[in-house]
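Structural features, examined
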Amino acid sequence: MIGREDVLDITVWQSPDLTKTLTVESDGTIDYPLLGSLEVEGLTPPELAAMIREGLAKGYVKEPKVSVLVKEYNSKQVMVFGEVAKPGLYKL
């Protein structure tokens, strides 16, 4: 699941202007070209790819091929404690 502050790599095949690396805002949205603000928190990468594909197919790009990869899971954290060198809270 995509969460707040995650970094997303969004690729649209043969559309370099629409291929972006975006960070999810604190309100759970991203600002994507042509489509504006999209609510992405709680979606899976394939669900977001389908949402962007449907939006771009409405008159912007003919048969868009979209892929979404979570580059950094900043919303997911783990606590490391016990007999370790550096205990604390770490982003996955």
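Residues numbered from 1 in each chain as written. Predicted model: local features only at pLDDT ≥ 70, side-chain atom pairs only at ≥ 80, totals over all residues. Heavy atoms only, no water.

The subject of this paragraph is the overall build of the protein. Within the protein, the regular secondary structure consists of one helix and seven strands. Ordering the α and β elements of the protein from the N terminus gives β-β-β-β-α-β-β-β. By its C-alpha atoms, the protein is 55 × 25 × 20 Å across when sized along the principal axes. When the 92 residues of the protein are sorted by exposure, 34% land in the buried category. The long-range fraction of contacts in the protein, counting pairs at least 24 apart against all pairs at least 6 apart in sequence, stands at 37%. With the model as given, the accessible surface of the protein reaches about 6,000 Å², and the carbon-plus-sulfur share is 54%. (Helix = DSSP H or I, 4+ residues; strand = E, 2+ residues; numbered from the N terminus. Buried < 20%, exposed > 50% of the residue type's maximum accessible area, 1.4 Å probe, protein only. Contact = heavy atoms within 4.5 Å. Areas by Shrake-Rupley, 256 points an atom, 1.4 Å probe, with all protein chains shown as cover.)

Residues Ile 10 and Tyr 32 are the most contacted members of the largest nonpolar core, which totals 20 residues. The set of elements that each furnish at least two residues to this core consists of strand E1 (7-12), strand E3 (29-32), helix H1 (45-57) and strand E5 (66-72). A per-element tally of this core places H1 first, with four residues. Leaving out residues up to four positions away in the same chain, Ile 10 has contacts with Leu 18, Thr 19, Lys 20, Leu 22, Ile 30, Tyr 32, Ile 52, Val 66, Ser 67 and Val 68. (Core = buried A, V, L, I, M, F, W, Y, C linked by side-chain atoms within 4.5 Å.)

This part takes up unusual backbone geometry. Positioned with a positive phi, Glu 5 is a non-glycine residue whose angle comes to about 70°. Residue placement: Glu 5 occurs in the segment before E1. Glu 5 sits in the partly exposed class, given a relative accessible area of 43%. Non-glycine residue Leu 34 carries a positive phi angle of around 70°. Note on placement: Leu 34 falls in the loop between E3 and strand E4 (36-39).

With that settled, the discussion passes to the environment of Thr 19. With respect to the helices and strands, Thr 19 occurs in the loop between E1 and strand E2 (20-23). Judged by its relative accessible area of 32%, Thr 19 is partly exposed. On a C-alpha basis, the gap between Thr 19 and Leu 56 in space is 12 Å, while along the polypeptide they are 37 residues apart. Filtering out sequence-adjacent residues up to four positions away, Thr 19 remains in contact with Ile 10, Thr 11 and Val 12. At a separation of 3.2 Å, a polar atom in the side chain of Thr 19 contacts the main-chain carbonyl oxygen of Ser 15. (Polar contact = N/O pair within 3.5 Å; in protein donor to acceptor, adjacent residues only side chain to side chain.)

Read these as geometric descriptors, not functional statements.
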